[in-house]
Amino acid sequence: MSVVISLSEARAETAPAPVAKVHGIGRIAFSSQDGETRLKDLYQHDPLRILFPHRAPDDIASAVFVTTSGGLVGGDVLEMTGHADVGACVQMTAQAAEKVYRSNGADCHIDVDLGAGEGAWLEWLPQETIAFDGARMVRRTRADVAPGGSMLAGEFLVLGRTAMGEKVQSGLICDEWEIRRDGRLVWADALRLDGDIAETVSHPGGLAGATAMATVVYVADDAPEKVELARELLEANQDVRVGVTAVNGILVVRFLGTDGFTLRATFGDFWAAFRHEVQGLPNQLPRIWHI
């Protein structure tokens, strides 16, 4: 016996099931006990995992966020929380570049919540986020640093797979920062690229051709005093456009480049040298950055 069905019915029967969206959560906190930084709180939910590599000699404790899904698509959500309580010193980074793939319409969301207590030192050093053409990403980074606490935090964005010649023509890139000192908002910043992104990137009044960009913020009681130091560390750079300023007691460093590889090198060299100068830590990046 044979059964006749329409072409549309056949396609419906063979169509793949829709892919479930993910909601990854990684939450970590460190405290200080007897002068030693120790893990205080840990929660993780797929596709986020947190690893704890052996610390380099003379360096501080480290935690590495890993996205096991291999990238983000529209509708995915990642929540990352990193806190250093009173007196704790820790560096938090990522295993690899985060990839945001083309979306069919939904936005993916990345929410980052950071905190540093009195006498704490917190480094937030994720590797670059690579937005594919058609990607839709909303990222919000919020931090609260107590008086006497210090935080060195950054974000690094690359538009398109530049090594393959890909250009981001359209999509949505929304990148927002909010920083508070002892609960009081002291700095807010937002980047929004929407619609014809290629036009904004190429326009002289936009990004003037830059497809890679990064921000570093240093939040500490002595942050305004480090403006000249930051400029000195960057004065030999000739490959990336940079700017350094102090805003409401926050040191802000901007990077703009035409490719991610060159900007990554400048960004990393500055980060390693700056942490060494202001905190006496080794002039080096975590080993995961060199793999």
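Residues numbered from 1 in each chain as written. Predicted model: local features only at pLDDT ≥ 70, side-chain atom pairs only at ≥ 80, totals over all residues. Heavy atoms only, no water.

## With respect to the pairing of strand E5 (residues 77-84)
When a strand is regular, its side chains alternate between the sheet's two faces.
Argument step 1. Counting buried positions along E5 yields six of eight residues, so the element is predominantly enclosed.
Argument step 2. As paired elements, strand E1 (residues 23-33) and E5 share eight bridges and run parallel to each other. Note that in E5 the partner of Phe-30 across the bridge is Ala-84.
Argument step 3. Where E5 meets strand E8 (residues 108-116), eight bridges bridge the pair, whose relative direction is parallel. The partner of Thr-81 across the bridge, within E8, is Asp-113. (Buried < 20%, exposed > 50% of the residue type's maximum accessible area, 1.4 Å probe, protein only. Helix = DSSP H or I, 4+ residues; strand = E, 2+ residues; numbered from the N terminus. Pairing = 2+ DSSP bridges.)

## Here's the deal with the packing of aromatic side chains
Argument step 1. The tally for this structure, following the rule as stated, stands at eleven aromatic pairs.
Argument step 2. A ring pair is formed by Tyr-218 and Phe-274, whose centres lie 5.2 Å apart and whose planes are at 80 degrees; its orientation type is edge-to-face. Placement of the pair is Tyr-218 in strand E15 (residues 212-219) and Phe-274 in helix H4 (residues 260-279), with a sequence separation of 56 residues.
Argument step 3. By relative accessible area, Tyr-218 is classed as buried at 2%.
Argument step 4. Judged by centre distance (5.8 Å) and plane angle (35 degrees), the ring pair of Phe-267 and Trp-271 falls under tilted. With Phe-267 and Trp-271 both in helix H4 and four residues apart, the pair spans about one turn of that helix.
Argument step 5. The exposure class assigned to Phe-267 is buried, which follows from its relative accessible area of 0%.
Argument step 6. Taken together, the ring pairs connect Trp-121, Phe-156, Tyr-218, Phe-255, Phe-267, Phe-270, Trp-271, Phe-274 and Trp-289 into an aromatic cluster. (Phe/Tyr/Trp six-rings, centres within 6.5 Å; stacked < 30°, edge-to-face > 60°.)

## Considerations on H4
Argument step 1. Given a rise of 1.5 Å per residue, 20 residues ought to cover 28 Å, and the 27 Å separating the end C-alpha atoms of H4 matches this to within 8%.
Argument step 2. The first or second residue beyond H4 is Gly-280, which carries a positive phi of 70 degrees. (Expected span 1.5 Å × (residues − 1).)

## Quick notes on the environment of Asp-259
Argument step 1. Assignment of secondary structure puts Asp-259 in the loop between strand E17 (250-257) and H4.
Argument step 2. Along the backbone, Asp-259 and Ala-212 are 47 residues apart, and their C-alpha atoms lie at a distance of 5.7 Å.
Argument step 3. Ignoring anything within four residues of it in the chain, the contact list for Asp-259 reads Thr-162, Thr-211 and Ala-212. (Contact = heavy atoms within 4.5 Å.)

## As for the state of the cysteines
Argument step 1. By the definition in use, this model includes zero disulfides.
Argument step 2. Lacking any disulfide linkage, Cys-174 is separated from the closest cysteine sulfur, that of Cys-108, by 11 Å. (Disulfide = S-S within 2.5 Å.)

## Focus: the side chain of Thr-93
Argument step 1. Locating Thr-93 in the fold gives a position in strand E6 (residues 89-94).
Argument step 2. For Thr-93, a relative accessible area of 3% corresponds to the buried category.
Argument step 3. Reaching out from Thr-93, the side chain makes a polar contact with the side chain of Trp-289 at a distance of 3.2 Å.
Argument step 4. In contact with Thr-93, not counting residues within four places along its chain, are Ala-63, Val-64, Phe-65, Leu-125, Pro-286, Ile-288 and Trp-289. (Polar contact = N/O pair within 3.5 Å; in protein donor to acceptor, adjacent residues only side chain to side chain.)

## Some words on the pairing of E8
Argument step 1. Alignment of E8 against strand E11 (residues 136-145), held across nine bridges, turns out to be parallel. From the neighbouring strand, Leu-114 faces E11, where its bridge partner is Ala-143.

## Notes on the environment of Glu-123
Argument step 1. As for its placement among the helices and strands, Glu-123 is situated in strand E9 (residues 121-125).
Argument step 2. Assessed through its relative accessible area of 0%, Glu-123 is described here as buried.
Argument step 3. In the structure, Glu-123 is positioned 140 residues away from Leu-263 in sequence and 19 Å away in space, judged by C-alpha atoms.
Argument step 4. Here the side chain of Glu-123 touches Arg-275 through a polar contact of 2.8 Å, side chain to side chain.

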